[in-house]
Amino acid sequence: SDASMTITVSDGLRTITTSGCSGYDWSTETTPNDAGLQSYSATVPTSVQVCKSDAIEQIPYLDRDAMSESNLGASQPVMGVLGYALDGVTFFGPTDAELAVDGLKGRNAIVFEGMSLGHCGSHATGGEVLHYHAHPGISITPCDVACSPSGKDHGADCNRNGIICSDVIPSSATVCSELLSGAWAAFSPSAQSAA
């Protein structure tokens, strides 16, 4: 397996290094894309100071593109890698890259892409980046709302499948077993620390 994730702490800095590959079988996702081996390394402070300023230089970031000034405007959602889950898979924001009904970029990714998420809640981009849009390990259901795809971008209130999902994560949802046990049990209670 290409799954790899390390976190080291030294001199007040936490360095996260990951291959972007999960230790679970992600092949249940249904995008036309494959996940590929990535090489990520991010260094962040172990303790953060909350800023009162919203100036771009005051906002900590992992992905320079995600936090560029062009992505911080009121009409533009934050796109790209925002962080890393404990299994090494990237977190993207809660929106997709399509135009919404109001003409602004970014629709609810759970509603419009939820059908393509695998059983552990991830799927891959055209750039082979495996990622989550919500809590890792939770499969989104139900995905049974019919819609009418139209145009190049499938229409602002539909997707290429003609079916969208509810934006409510069921209260009975459980995390997929691969994230709770085995070598990659990063989300199990025993793997969590109080620190």
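Look above for the structure.
1. A closer look at the sheet that holds strand S6 (residues 122-124)
Next, step 1: Across the sheet, 4 strands lie side by side as S4-S5-S7-S6; this open sheet has mixed pairing. One side of each edge strand has no neighbouring strand; the edge strands of this open sheet are strand S4 (83-84) and S6.
Next, step 2: Where strand S5 (residues 90-91) and strand S7 (residues 130-132) come together, 2 bridges link them in parallel fashion. The residue of S7 that forms the bridge with phenylalanine 91 is tyrosine 132.

2. Observations concerning the packing of aromatic side chains
Next, step 1: Inspection of the entire model under this criterion finds 2 aromatic pairs.
Next, step 2: Relative to tyrosine 84, the ring of tyrosine 40 lies with its centre 5.5 Å away and its plane at 50 degrees, an arrangement referred to as tilted. In this pair, tyrosine 40 sits in strand S3 (residues 40-45) while tyrosine 84 sits in strand S4, placing the two residues 44 residues apart along the sequence.
Next, step 3: We classify tyrosine 40 as buried; its relative accessible area is 15%.
Next, step 4: Both rings, one in phenylalanine 91 and one in tyrosine 132, keep their centres 5.8 Å apart while their planes meet at 45 degrees; by these two values the pair is tilted. With phenylalanine 91 in strand S5 and tyrosine 132 in strand S7, the pair connects residues that are 41 residues apart, well separated along the chain.
Next, step 5: Looking at phenylalanine 91, the relative accessible area reads 24%, which means it is partly exposed.
Next, step 6: For tyrosine 132, a relative accessible area of 0% corresponds to the buried category.
Next, step 7: Against the face of phenylalanine 112 rests arginine 107, its NZ or CZ located 4.0 Å from the ring centre.

Criteria and cut-off values
Residues numbered from 1 in each chain as written. Predicted model: local features only at pLDDT ≥ 70, side-chain atom pairs only at ≥ 80, totals over all residues. Heavy atoms only, no water. Pairing = 2+ DSSP bridges. Helix = DSSP H or I, 4+ residues; strand = E, 2+ residues; numbered from the N terminus. Phe/Tyr/Trp six-rings, centres within 6.5 Å; stacked < 30°, edge-to-face > 60°. Buried < 20%, exposed > 50% of the residue type's maximum accessible area, 1.4 Å probe, protein only. Lys NZ or Arg CZ within 6 Å of the ring centre and 35° of its normal.

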